[in-house]
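A closer look at the structure
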Amino acid sequence: MSKIIKKVFIVLAVLVMSVGILCACDDNNDDGYPQEKGKFYTLSKAYEQGLISRNDLLNIYYQYFGQAVDDFEPAAKTPEVLDEQTVQDIKESWMYCEVDKVPKTREEIDEEVTIEKYLGTYNGYVAVYISGGWRGFFPTVTTIEIDGITFNYRDTNEICVWKKS
């Protein structure tokens, strides 16, 4: 019986630790997490700090899930596609945090980091869902509620917003 309790404790400890590292975005730093090329914020922190509006949140939700909340009319994504320099800056920022400032070549970064979804740019903040780097994401349902809007993710990763420095 004690082996089962130990296993449950270990699983719970891993889940609790993963909540603190949902993505490279640092939710514990009110100023965002300074990166070499820009700053990342969790979606929650960006909204709480007034960096994005409720309409921006609703647009991000639509872009991520492909469906609108209630009767919200989503706006077109602008720009429709990120330019290569912005993509590279976001990836480098992600790796800067992920690997503790260890220099990487552009090829290594491109191999390790993927912008899974670009969700639009709002007041200069780029909303993205990123994977890669050394940090693994545990397969579990993660639910984040922001101002009555529920974001359900398939793992411990979540949408971040990034602003160029």
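About the criteria used
- Residues numbered from 1 in each chain as written.
- Predicted model: local features only at pLDDT ≥ 70, side-chain atom pairs only at ≥ 80, totals over all residues.
- Heavy atoms only, no water.
- Helix = DSSP H or I, 4+ residues; strand = E, 2+ residues; numbered from the N terminus.
- Buried < 20%, exposed > 50% of the residue type's maximum accessible area, 1.4 Å probe, protein only.
- Expected span 1.5 Å × (residues − 1).
- Contact = heavy atoms within 4.5 Å.
- Polar contact = N/O pair within 3.5 Å; in protein donor to acceptor, adjacent residues only side chain to side chain.
- pLDDT = per-residue confidence, 0-100.
- Phe/Tyr/Trp six-rings, centres within 6.5 Å; stacked < 30°, edge-to-face > 60°.

**Here's the deal with the side chain of Glu-92**
If you trace the backbone, Glu-92 turns up in helix H4 (residues 84-98). Classification of Glu-92 by relative accessible area gives buried; the value is 15%.

**Thoughts on unusual backbone geometry**
Pro-79 follows Thr-78 through a cis peptide bond whose omega is -15°. By the element assignment, Pro-79 lies in the loop between helix H3 (54-65) and H4. Of note in this structure, Asp-147 is not a glycine but carries a positive phi near 50°. On the secondary structure map, Asp-147 appears in the loop between strand E5 (139-146) and strand E6 (149-155). Residue Asp-147 is classed as partly exposed on the basis of its relative accessible area of 42%.

**What to know about H3**
Compared with an ideal rise of 1.5 Å per residue, which puts twelve residues at 16 Å, H3 spans 16 Å between its outermost C-alpha atoms and is within 8% of the ideal. Looking only at H3, the buried set comprises Asp-56, Leu-57, Leu-58, Asn-59, Ile-60, Tyr-61 and Tyr-64. Structurally, H3 contributes buried residues whose contacts are with helix H2 (43-48), strand E3 (113-122), strand E4 (125-132), E5 and E6. Sitting at the amino-terminal end of H3 is Ser-53, which places a side-chain oxygen 3.4 Å from the backbone nitrogen of Asn-55. Phi turns positive, to about 75°, at Gly-66, one or two residues after H3.

**Overview of the confidence of the model for the protein**
With 70% of its residues at a pLDDT of at least 70, the protein reaches an overall mean of 78. Taken element by element, the predicted model of the protein shows its lowest mean pLDDT in strand E1 (residues 33-34) (42) and its highest in H3 (97). Note on residues 11-35: pLDDT under 50 across the span, and 45 contacts to partners over four residues away in sequence or across chains.

**Digging into the packing of aromatic side chains**
Applying the stated criterion to the full structure yields ten aromatic pairs. Plain terms: the ring middles of Tyr-41 and Tyr-125 are 6.0 Å apart, the flat faces sit at 75° to each other, and that makes the pair edge-to-face. Of this pair, Tyr-41 sits in strand E2 (residues 38-42) while Tyr-125 sits in strand E4, and the two are 84 residues apart along the sequence. Here Tyr-41 and Tyr-125 have matching classes, each one buried. With centroids separated by 6.1 Å and ring planes inclined at 45°, the aromatic side chains of Phe-65 and Phe-151 adopt a geometry described as tilted. Linking Phe-65 in helix H3 with Phe-151 in strand E6, this pair joins segments that are 86 residues apart in sequence.

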